[in-house]
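# Residue-level structural notes
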Amino acid sequence: MEIDGPMMRKVIGRSVKPAIIAAVDDVNSDQTILGDTHLNLILHDTNCSGFLGTIEALELMEKNVVAAIGPQSSTIAHIISHVVNELHVPLLSFGATDPTLSSLQFPYFLRTTQTDYYQMSAIADIIEHFEWKEVIAIYVDDDYGRNGISSLGDSLAQNRAKITYKAAFTPGASVDRLTEILTAVNLMESRVYVVHVNPDTGIDVFKVAKKLGMLTSGYVWITTEWLPAVLDSSQQINTDTGSDYSDVMTLLQGVVTLRQHTPNSYLKKLFAGKWKNIKLKETASFNTYALYAYDSVWLVARALHALLKSGESITFSSDARLRKADESMLRFSGLRTFNEGLKLLETLLSTNFTGVSGEIRFDREKNLVNPGYDVLNIGGTGVRTIGYWTKSSGLSVDSPNKTYAKKVNSNSSSGTKRLYSVIWPGETSVKPRGWVFPNNGKPLRIGVPYRHSYKEVVTKDVRSPQGVRGYSIDVFEAAVDLLPYPVPREYILYGDGVRNPSYSNLVAAVADNTFDAAVGDVTIITNRTRIVDFTQPYMESGLVIVVPVKKSKTSQWAFLRPFTLEMWLVTGGFFLLVGFVVWILEHRLNQEFRGPPSQQIITILWFSFSTMFFSHRENTVSTLGRFVLLLWLFVVLIINSSYTASLTSILTVQQLTSGIEGIDGMISSNEPIGIQDGSFAYNYLVQELNIAQSRIRSLKDQNDYINALRLGPKRGGVAAIVDELPYVELFMTYTQCEFRIVGREFTKSGWGFAFQRDSPLALDLSTAVLQLSENGELERIHDKWLTTSSCSSQAMQTDTNSLSLSSFWGLFLICGIACFISLGIYFWRVLCQYRRFDPDLEETQEIPEPESARRSSRRTLLSTSFKDLIDFYDKKEAEIKEMLKRHKLQGNEHSDSPR
């Protein structure tokens with residue numbers, strides 16, 4: 001077997017070459033692998049040249065190889081993969097991390113290291129963890145750099161972050177070129193840099209950054225695994241860079257980097273001991289590429305062992321297409337196809353063992369399973385591990401071994417600590433903000449609506465240096481003053497001032513980068529939040545309905561309007577009913593309720609209606625009479641209070657001239673509705689409330705509002721206007737409460753400042769707006785510009801309907817039941833007395849009666865005439881009791897006399 005070697009004089013090559021030689025020696029010395037068959041190692045150096053790499057690959061294939069290991073360069077791997085695909089020779093690469101080297105395009109390419117797809121996912125998670133939204137990518141402009149950064153962009157997009165600028169340089173770029181690139185980068189807004197370069201030129205990037213002052217506080221530097229590869233091969237730094245290890249560590253203070261995770265297993269410790277005994281090595285230590293290269297050799301050996309053990313042989317055949325090229329001096333006919341290449345590839349993919357780098361096993365996409373990275377932070381004189389990243393759990397302080405063993409998914413680890421603290425450039429543990437305002441002289445472009453109406457909110461101001469003024473501008477300026485950094489800004493008017501501009505179009509202009517922000521009375525609604533980010537609302541708002549009103553005209557009969565006719569009749573009937581009931585209950589006991597019939601009728605009428613004013617002079621002495629009177633006085637109290645309130649409202653009310661009394665009436669009506677020009681109310685009414693577009697009228701300013709409402713729908717005006725509450729409050733002030741709000745707010749929203757998606761200013765200004773609210777400054781600015789009308793805060797008074805019986809029938813029912821119950825009890829008592837009463841008792845009291853006559857002295861109702869009953873009822877209660885008492889005594893005397 002022959003192995004294509006890497007660039008042996010490079011950082012990775014210096015670690016990989018001794019590892020490959022050691023692996024071949026170990027395989028050949030192990031009799032349990034391949035038996036008497038030995039691996040034959042042939043090293044080729046492509047010098048990172050695509051042309052030389054192609055020639056070297058073709059020369060290698062002439063020697064009937066069964067597998068190739070390498071190269072470290074993704075660019076060379078792309079080229080060689082085409083060769084091995086045609087000749088069916090598996091290519092195992094320990095260093096080509098380009099994620100576009102897919103198994104579909106290059107079926108014979110097998111990556112024995114981790115793909116950059118996972119590494120870029122880890123970097124994207126780090127950026128999300130620290131809540132940065134924009135990064136700048138600094139990378140080498142080749143397949144390795146371009147495709148890796150492309151994968152980073154995809155991963156960032158999943159976390160709502162993005163690459164704002166790609167700073168690419170050619171391999172082997174000069175210091176002057178690097179200085180030019182980093183100078184341009186330093187003028188930009190983002191301070192988060194991701195460096196994805198080759199190990200041999202990466203340190204030069206940081207040297208230039210050091211000279212430009214870009215390794216100080218406020219900067220964030222994140223590198224891919226090339227940096228640990230350099231640091232782990234520490235002895236060679238002095239030769240290549242002219243700096244010793246301590247100088248490089250000083251240069252890299254605060255840098256965060258990734259390294260492919262390899263467990264500290266027993267096999268790895270054995271390899272480390274073996275490394276010390278290798279005489280031809282150029283470095284005292286090794287990097288992870290050496291471990292993967294060592295395992296790659298063992299992977300080929302195990303696969304060949306399994307292939308030969310299964311009875312397969314190693315054979316080659318000529319390709320007829322290549323024989324046609326015999327006339328060429330390149331002798332392509334010498335290239336032969338490996339007949340068992342596909343079977344060897346399948347064996348490689350199915351091989352599973354534990355090597356010095358960890359578990360060697362491939363998934364369906366031909367990638368190593370269980371990818372993991374160490375998250376490192378350079379500080380002081382060394383490197384410390386601040387966490388780990390795995391495909392299944394993302395960032396965590398648990399090692400990938402524990403994570404995969406527990407099969408923990410990303411959701412279950414969300415509650416645990418994800419990373420330890422980081423020491424950033426400038427020797428600070430405070431998380432950098434990650435952005436500054438660019439030093440390129442470009443201020444923040446702020447779009448301001450050029451309003452035609454309600455200019456107190458925001459409008460043009462030719463006398464101000466800013467060119468704009470208003471409530472919204474003062475709030476924004478006050479919020480910016482609270483920020484801990486300067487914000488250079490330029491206000492740009494949006495609209496012509498003749499009509500209010502479309503606020504949805506203004507927000508869209510922010511989203512498409514015409515403006516950096518929009519400052520004004522921009523309402524926060526759902527559709528707008530999908531394309532821009534808003535700050536915390538600085539003004540609460542909501543849609544309300546405004547209608548015209550008029551003063552109610554009173555008449556000489558206004559005092560009758562509080563109650564309906566039915567209510568008046570029932571109330572009057574109950575006054576008479578209660579008076580009559582009380583007369584019945586009091587007639588036998590109370591002298592004030594006795595006398596001639598005419599006097600008693602007057603007493604009933606007087607007593608009945610005097611209770612209306614609680615001025616009745618007659619006393620009630622019976623228990624039942626007092627019970628009925630107490631309930632009735634409670635009913636009278638409720639009726640009097642209701643009558644007074646209703647009459648007051650009728651005499652002072654403002655009546656609506658429109659039939660719209662709320663949102664339901666507006667929807668069911670067919671009358672025209674006015675809205676403010678440029679407002680979102682149009683879309684809301686049409687799309688949410690399904691109001692016909694033909695009913696909606698756009699109005700330019702307050703004068704249009706007044707004229708449209710005064711004209712009304714019958715004369716070309718509108719029945720109502722729908723607008724936001726802050727505007728309506730100003731409108732009420734202008735019109736001195738000529739119009740009124742009906743119903744309630746039927747949307748809840750607010751005004752905010754709009755910024756481009758993921759702009760860090762949105763969050764900082766939200767905090768500033770909250771501070772303004774807490775310290776009272778926001779209210780002061782509001783009072784300066786916006787005067788709240790007293791009539792807008794009053795309860796809306798509309799046409800008052802007369803009170804009907806339905807509002808009081810419960811009271812009347814209770815009172816009526818009480819009357820009938822009292823009468824029932826009273827008449828039962830009267831009838832009981834009447835049955836025991838004998839009207840002839842006094843005339844016959846001296847004539848003894850026989851026993852049979854006395855037994856029949858108890859009267860029955862059947863033997864009673866109505867006149868007798870009325871005469872009995874008309875007697876005083878005291879007289880009846882006295883007569884019954886004498887009758888009882890006489891009965892006792894007769895019963896005691898001898899027979």
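A brief look at the structure comes next. (Residues numbered from 1 in each chain as written. Predicted model: local features only at pLDDT ≥ 70, side-chain atom pairs only at ≥ 80, totals over all residues. Heavy atoms only, no water.)

### Thoughts on the overall build of the protein
In terms of regular secondary structure, the protein is built from 32 helices and 29 strands. Pairs at least 24 apart in sequence give 74% of the contacts found in the protein among residues at least 6 apart. (Helix = DSSP H or I, 4+ residues; strand = E, 2+ residues; numbered from the N terminus. Contact = heavy atoms within 4.5 Å.)

### Considering the sheet that holds strand 15 (residues 394-396)
If you trace the eight strands from one edge of the open sheet to the other, you get 5-4-6-7-8-13-14-15, paired in mixed fashion. Looking at strand neighbours, the two that pair on one side only are strand 5 (162-169) and strand 15, the edges of this open sheet. In this sheet, adjacent strand axes meet at a mean angle of 30 degrees when their direction is disregarded. Bridge analysis of strand 8 (residues 256-260) against strand 13 (residues 372-379) gives five bridges, and the strand direction is antiparallel. Across the sheet, the residue bridging to R259 is D374, located in strand 13. Packing against the sheet, helix 6 (residues 175-186) makes contact with strand 4 (134-140), strand 5 and strand 6 (192-196), and its axis sits at approximately 165 degrees to strand 5. (Pairing = 2+ DSSP bridges. Axes fitted to C-alpha atoms, helices over the stretch in contact; angles between N-to-C directions.)

### Some remarks on the sheet that holds strand 3 (residues 109-111)
Spatial ordering of the open sheet is given by 1-2-3, a layout of three strands whose pairing is parallel. Looking along the sheet, the strands with just one partner apiece sit at the ends: strand 1 (68-69) and strand 3. Direction of pairing for strand 1 relative to strand 2 (residues 91-93): parallel, over a ladder of two bridges. Following the sheet pairing, I69 is matched in strand 2 by L92. With respect to the sheet, helix 3 (residues 74-87) is in contact with strand 2 and strand 3, its orientation differing from that of strand 2 by roughly 160 degrees.

### Things to note about the state of the cysteines
One pass over the structure, following the stated rule, counts zero disulfides. Distance from the sulfur of C815, which forms no disulfide, to the nearest cysteine sulfur (C819) is 4.4 Å. Classification of C815 as buried rests on a relative accessible area of 2%. Classification of C819 by relative accessible area gives buried; the value is 2%. (Disulfide = S-S within 2.5 Å. Buried < 20%, exposed > 50% of the residue type's maximum accessible area, 1.4 Å probe, protein only.)

### Quick notes on the pairing of strand 25 (residues 673-676)
By the alternation rule, side chains of strand 25 split into I673 and I675 and G674 and Q676, which are all buried. For the segment spanning strand 25, helix 23 (residues 681-688) and strand 26 (residues 696-699), crossover handedness is right-handed. With three bridges connecting them, strand 25 and strand 27 (residues 720-724) associate as parallel partners. From the neighbouring strand, I675 faces strand 27, where its bridge partner is V722. (Right-handed = clockwise from strand over helix to strand, strands pointing away.)

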